Amino acid sequence: MGRKVTKAVFPVAGMGTRFLPATKSVPKEIMTLVDRPLIQYAIDEARAAGIKEFIFVTSRGKSALEDYFDHAPELESELRKKGKDELLEILKSTNMDSGAIAYIRQHKALGLGHAVWCARRLISPNEAFAVILPDDVIAAETPCLQQMVEAYEETGGSMVAAMEVPPEKASAYGVLDVAEDMGSMVSVKGMVEKPPVDEAPSNLAVIGRYILSNNVLRNLNKIKSGSGGEIQLTDAIAAEISEGRSVYGYRFRGQRFDCGSKAGFLQATVAFGMAREDLKDEFTSYLHDLLAVQRAAQ
Ligand code: G1P
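This one's a predicted model, so the numbers in the text were calculated from it and none came from an experiment.

### Brief notes about the overall build of the protein
Thought 1: Each helix and strand counted, the protein has ten helices and 13 strands in total.
Thought 2: A globule of 298 residues ought to have a C-alpha radius of gyration of about 19 Å, and the protein, at 20 Å, matches this closely.
Thought 3: When burial is assessed residue by residue, the protein has 46% of its 298 residues classed as buried.
Thought 4: If you take every contact in the protein between residues at least 6 apart in sequence, the share linking residues at least 24 apart comes to 74%.
Thought 5: As displayed, the protein offers around 15400 Å² of accessible surface, 52% of which is attributable to carbon and sulfur atoms.
Thought 6: Across the protein, the 35 positively charged side chains and the 40 negatively charged ones have centroids separated by 5 Å.

Shown next, in the form of structure tokens:
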């Protein structure tokens, strides 16, 4: 059985109300972590995992996203003329091949499951595909989706990225009911979207990276609205289990930042700033000084 994954779906239709007023005119996915928009991190991760086709599920007000992936010939020729080769290379690394990107509109905000279902006609029958939620930024030596693609080549089935969270936080996530714990991988016997704290089957939470069997799209045809009145991807994956197909949770190696929240975004900014060769000395010494001043004032 071929287990190549070459397509990824990026659900980017959300309104990003948590970042108002910024998101009044800037899509959340264009917001910048150091100097790259969130979506660029997701694309780079997908490319590293061997993804060749990129499907964006967008909504009204997201045209800045489409522009971002367009070539910028005027800018490129200006940089070339001025001999700014380094910047030119950075710019070129964001270019996408013609025909590699497709945009689908989600006309109504009916949930993550519905957003993924909107992409169904761009995925061939029997083809497995990846889903990346750009809000979840993962710093890792081997990019998270690449780790998962490698694991998936061994297992098949469907796979979700998983991470232990404090039990009181589990109700903010999809949560796994574990059948067997094999270390970096668990087999899953159930999944619940945002369970009440006392009903969570574990504290192993779903993080926004998925490799899904095509059958999940068929399940989405049948799924009724679930948690929060939305069509949930979690429910369509859970349906795989009740139909006897394998679902795995993959404990990735890396640090996940919730860039869908302000605190998470700030933490990511600090961590990525400190990790950047060209910034780390100046930035880290600023943070040291800042902490020293704060301690002295206590
Ligand atoms: C989505 C998924 C949830 C998952 C989470 C990870 O929820 O529905 O299962 O745990 O992403 O970030 P959201 O955060 O969009 O409400």
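### Thoughts on the side chain of Lys 28
Thought 1: The residue Lys 28 is located in the loop between strand 1 (7-11) and strand 2 (32-33) in this model.
Thought 2: We classify Lys 28 as buried; its relative accessible area is 12%.
Thought 3: Separated by 3.0 Å, the side chains of Lys 28 and Asp 135 make a polar contact.
Thought 4: If near-sequence neighbours (up to four positions away) are discounted, Lys 28 is found in contact with Gly 16, Phe 19, Thr 23, Leu 38, Lys 62 and Asp 135.

### Focus on the packing of helix 7 (residues 215-222) against helix 8 (residues 233-242)
Thought 1: Direction vectors running N to C along helix 7 and helix 8 enclose 115°, while the axes themselves pass 9 Å from each other. Comparing the axis directions of helix 7 and helix 8 gives the class roughly perpendicular. Crossing of helix 7 over helix 8 shows right-handed handedness. Residues Asn 215, Val 216, Asn 219 and Leu 220 of helix 7 form the contact with helix 8, whose participating residues are Leu 233, Ala 236, Ile 237, Ala 239 and Glu 240.
Thought 2: Grouping the amino acids of the contact of helix 7 with helix 8 by side-chain chemistry returns six nonpolar, two polar and one charged.

### Quick look at the pattern of salt bridges
Pairing is possible between side chains of opposite charge, provided their charged atoms come close.
Thought 1: A full pass over the atoms with the stated rule returns 18 salt bridges.
Thought 2: For Arg 209, the salt bridge identified is with Glu 45, shortest N-O distance 2.7 Å. With Arg 209 in strand 11 (residues 204-212) and Glu 45 in helix 1 (residues 38-48), this pair connects stretches of sequence that are 164 residues apart. Of the two residues, Arg 209 and Glu 45, both sit in the buried class.
Thought 3: The shortest N-O distance in the salt bridge between Glu 78 and Lys 82 comes to 3.5 Å.
Thought 4: Here the residues in one salt-bridge network are Lys 222, Glu 240, Glu 243 and Arg 245, joined through shared partners.

### Some details on the environment of Val 57
Thought 1: Turning to its location among the elements, Val 57 is positioned in strand 4 (residues 53-58).
Thought 2: On the basis of relative accessibility, which here comes to 0%, the residue Val 57 falls in the buried class.
Thought 3: Note: C-alpha distance between Val 57 and Trp 117 (60 residues apart in sequence) is 9.6 Å.
Thought 4: If we skip the residues at most four places from it in the chain, Val 57 touches Val 9, Phe 10, Pro 11, Val 12, Ala 13, Ile 104, Gln 106, Ala 115, Cys 118 and Ala 119.

### Topic: the site of the ligand
Thought 1: The environment of the ligand is made up of 13 residues, and the closest members are Asp 136, Gly 174, Glu 193, Lys 194 and Val 206.
Thought 2: Take Gly 174: an N or O atom from its main chain is 2.9 Å from an oxygen atom of the ligand.
Thought 3: Take Lys 194: an N or O atom from its side chain is 2.6 Å from an oxygen atom of the ligand.
Thought 4: Contact with the protein chains hides 74% of the accessible area of the ligand, taken as 380 Å² for the molecule alone.
Thought 5: Residue contributions to the shell around the ligand peak at three residues, all from strand 11.

### Quick word on the nonpolar core
Thought 1: Counting residues in hydrophobic clusters, the biggest one holds 41 residues, and the most contacted among them are Phe 10, Ile 39, Phe 54, Phe 56 and Met 159.
Thought 2: Breaking this core down by element, the ones donating at least two residues are strand 1, helix 1, strand 4, strand 6 (129-132), helix 6 (144-155), strand 8 (158-164), strand 11 and strand 12 (247-251).
Thought 3: Counting residues per element, this core draws most heavily on helix 6, at six residues.
Thought 4: When sequence neighbours within four positions are dropped, the list of residues in contact with Phe 56 reads Phe 10, Val 12, Ile 39, Ile 43, Phe 69, Ile 101, Ala 102, Tyr 103 and Ile 104.
Thought 5: Residues Val 57, Met 191, Leu 204 and Ile 237 belong to the second largest nonpolar core, which totals 32 residues.

Parameters at a glance
- Residues numbered from 1 in each chain as written.
- Predicted model: local features only at pLDDT ≥ 70, side-chain atom pairs only at ≥ 80, totals over all residues.
- Heavy atoms only, no water.
- Helix = DSSP H or I, 4+ residues; strand = E, 2+ residues; numbered from the N terminus.
- Rg over C-alpha atoms; globule rule 2.2 N^0.38 Å.
- Buried < 20%, exposed > 50% of the residue type's maximum accessible area, 1.4 Å probe, protein only.
- Contact = heavy atoms within 4.5 Å.
- Areas by Shrake-Rupley, 256 points an atom, 1.4 Å probe, with all protein chains shown as cover.
- Lys, Arg positive; Asp, Glu negative; His and termini not counted.
- Charge placed at Lys NZ, Arg CZ, Asp CG, Glu CD.
- Polar contact = N/O pair within 3.5 Å; in protein donor to acceptor, adjacent residues only side chain to side chain.
- Axes fitted to C-alpha atoms, helices over the stretch in contact; angles between N-to-C directions.
- Parallel < 35°, antiparallel > 145°, perpendicular 65-115°, else oblique.
- Left-handed = near helix turned anticlockwise from the far one by under 90°.
- Nonpolar A, V, L, I, M, F, W, Y, C, P; charged D, E, K, R; others polar.
- Salt bridge = Lys/Arg side-chain N within 4 Å of Asp/Glu carboxyl O.
- Near = heavy atom within 4 Å.
- Core = buried A, V, L, I, M, F, W, Y, C linked by side-chain atoms within 4.5 Å.

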